[in-house]
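Geometric and topological summary
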Amino acid sequence: MIPIRDHNPSNRTPFVTYALIAANVLIFIGYSDMFSNPRQLMTFYDAWALFPNRVSQGEDLHGLFSTMFLHGGWMHLGGNMLFLWIFGDNLEDEMGHVGFLIFYLLSGLAAAFAHVIAAPWSAVPTVGASGAIAGVMGGYLLLFPKARVDLLFIIVFFIRIFTVPAWVMLGVWFGLQILSGVGADPATGGVAYWAHAGGFVAGFVLALPLWLKRGARGYWQNHQGRPPHPEARYEYSQSRIPTVRRKR
């Protein structure tokens, strides 16, 4: 299940969203050649990644921030930036450029702290913007629960695009983080499920003042729970492949 776009893209240029995507991509490119040298890569992570055991002792606190701009591979980076591109623009449109940047960074910090709390003595380096982006998803759920999101499903040879309300997609995603977090040991590495959950909850809470200022449920009623601008129309058509007859 991969989200590929929402049906209400912002009419304004989301400068901060684009800047965050650019920053993550450029930083990753800056150290991507280290993946061919594991020792050099670990030295880099040792300096900049988040280490819960160090933070628990009041050391290397900069990792709470720098981890938001590091990734473990191209797929990791691409997936995170896709989610930020889909959900970031409308939130930035409502919060303003500066407000959205502050919201994003606070969500990322909350996610990092959630991971530290879940595994305070873990010595496994943690990297990724997914906690901050989970905050964007939490804020999106509160402000635009009925926004339509296209999901790409790929099961072996079955490939389909389905359109669902944002609350379904985001609710399922959040539930999976909780269930996976309960069944996983955060101290052994892998996906930082509690960072995702923590960031999501933080984003939801941080967006509450704006939601209340806009009129709370009245805001939903005024815009049908969707971003306050016209819905884009996407049309899907089958590719036209010419038929070639075989000579007998």
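These lines cover the structure that appears in this document, whether it is placed above or below.

Over its 22 residues, helix H6 (residues 97–118) runs 32 Å from end to end, which matches the ideal 32 Å to within 8%, given 1.5 Å per residue. Of all the positions in H6, only Phe-100, Phe-103, Tyr-104, Ser-107, Gly-108, Ala-111, Ala-112, Ala-114, His-115 and Val-116 are classed as buried.

Counting 50 residues, the largest nonpolar core has Leu-84, Phe-87, Phe-100 and Leu-170 as its most contacted members. In terms of residue count, the dominant contributor to this core is helix H7 (residues 130–143) (nine residues). For Phe-87, the contacting residues outside a window of four places in its chain are Val-136, Met-137, Tyr-140, Val-149, Met-169 and Leu-170. Residues Leu-50, Val-55, Leu-64 and Val-116 belong to the second largest nonpolar core, which totals five residues.

This brings us to the pattern of salt bridges. Taken as a whole and judged by the stated rule, the model has three salt bridges. A salt bridge links Asp-46 to Arg-54, with the shortest nitrogen-to-oxygen separation between them at 2.4 Å. For the salt bridge of Arg-54 with Asp-60, the shortest nitrogen-to-oxygen distance reads 2.9 Å. Judged by its relative accessible area of 34%, Asp-60 falls in the partly exposed class. Each of the salt bridges in this network shares a partner with another, and the network as a whole consists of Asp-46, Arg-54 and Asp-60.

So, about unusual backbone geometry. Most peptide bonds take the trans configuration, and most residues that are not glycine carry a negative phi. In this structure, Ala-216 takes a positive phi of about 55° despite not being glycine. Mapped onto the elements, Ala-216 comes out in the loop between helix H9 (193–213) and helix H10 (217–223). The backbone of Gln-224 shows a phi angle near 55°, a positive value even though the residue is not glycine. For Gln-224, the position within the fold is in the segment after H10. Judged by its relative accessible area of 51%, Gln-224 falls in the exposed class.

The subject of this paragraph is the packing of aromatic side chains. One pass over the full model with this rule turns up 16 aromatic pairs. Between Phe-65 and Phe-69, the ring centres sit 5.5 Å apart and the planes meet at 50°, which makes this aromatic pair tilted. Taking relative accessible area as the criterion, Phe-65 reaches 41% and is therefore assigned partly exposed. Assessed through its relative accessible area of 12%, Phe-69 is described here as buried. Between Phe-87 and Tyr-140 the ring centres are 4.9 Å apart and the planes differ by 75°, which places this aromatic pair in the edge-to-face class. Remark: Tyr-140 occurs in helix H7 and Phe-87 occurs in helix H5 (residues 74–95); sequence separation between them is 53 residues. Residues Phe-87 and Tyr-140 agree in their burial class; the two are buried. Cluster of aromatic residues (ring-pair linked, three or more members): Phe-28, Tyr-31, Phe-35, Phe-44, Tyr-45 and Trp-74. Directly above the ring of Phe-51 sits Arg-54, whose terminal nitrogen or CZ lies 3.9 Å from the centroid.

Here Trp-121 shows up in the loop between H6 and H7. Overall, Trp-121 belongs to the exposed group, its relative accessible area being 60%. C-alpha of Trp-121 to C-alpha of Ala-187: the two residues are 66 residues apart in sequence and 7.3 Å apart in space. Excluding anything up to four places from it in sequence, Trp-121 contacts Asn-53, Ser-56 and Gln-57.

Reading the values: rules and limits
Residues numbered from 1 in each chain as written. Predicted model: local features only at pLDDT ≥ 70, side-chain atom pairs only at ≥ 80, totals over all residues. Heavy atoms only, no water. Helix = DSSP H or I, 4+ residues; strand = E, 2+ residues; numbered from the N terminus. Expected span 1.5 Å × (residues − 1). Buried < 20%, exposed > 50% of the residue type's maximum accessible area, 1.4 Å probe, protein only. Core = buried A, V, L, I, M, F, W, Y, C linked by side-chain atoms within 4.5 Å. Contact = heavy atoms within 4.5 Å. Salt bridge = Lys/Arg side-chain N within 4 Å of Asp/Glu carboxyl O. Phe/Tyr/Trp six-rings, centres within 6.5 Å; stacked < 30°, edge-to-face > 60°. Lys NZ or Arg CZ within 6 Å of the ring centre and 35° of its normal.

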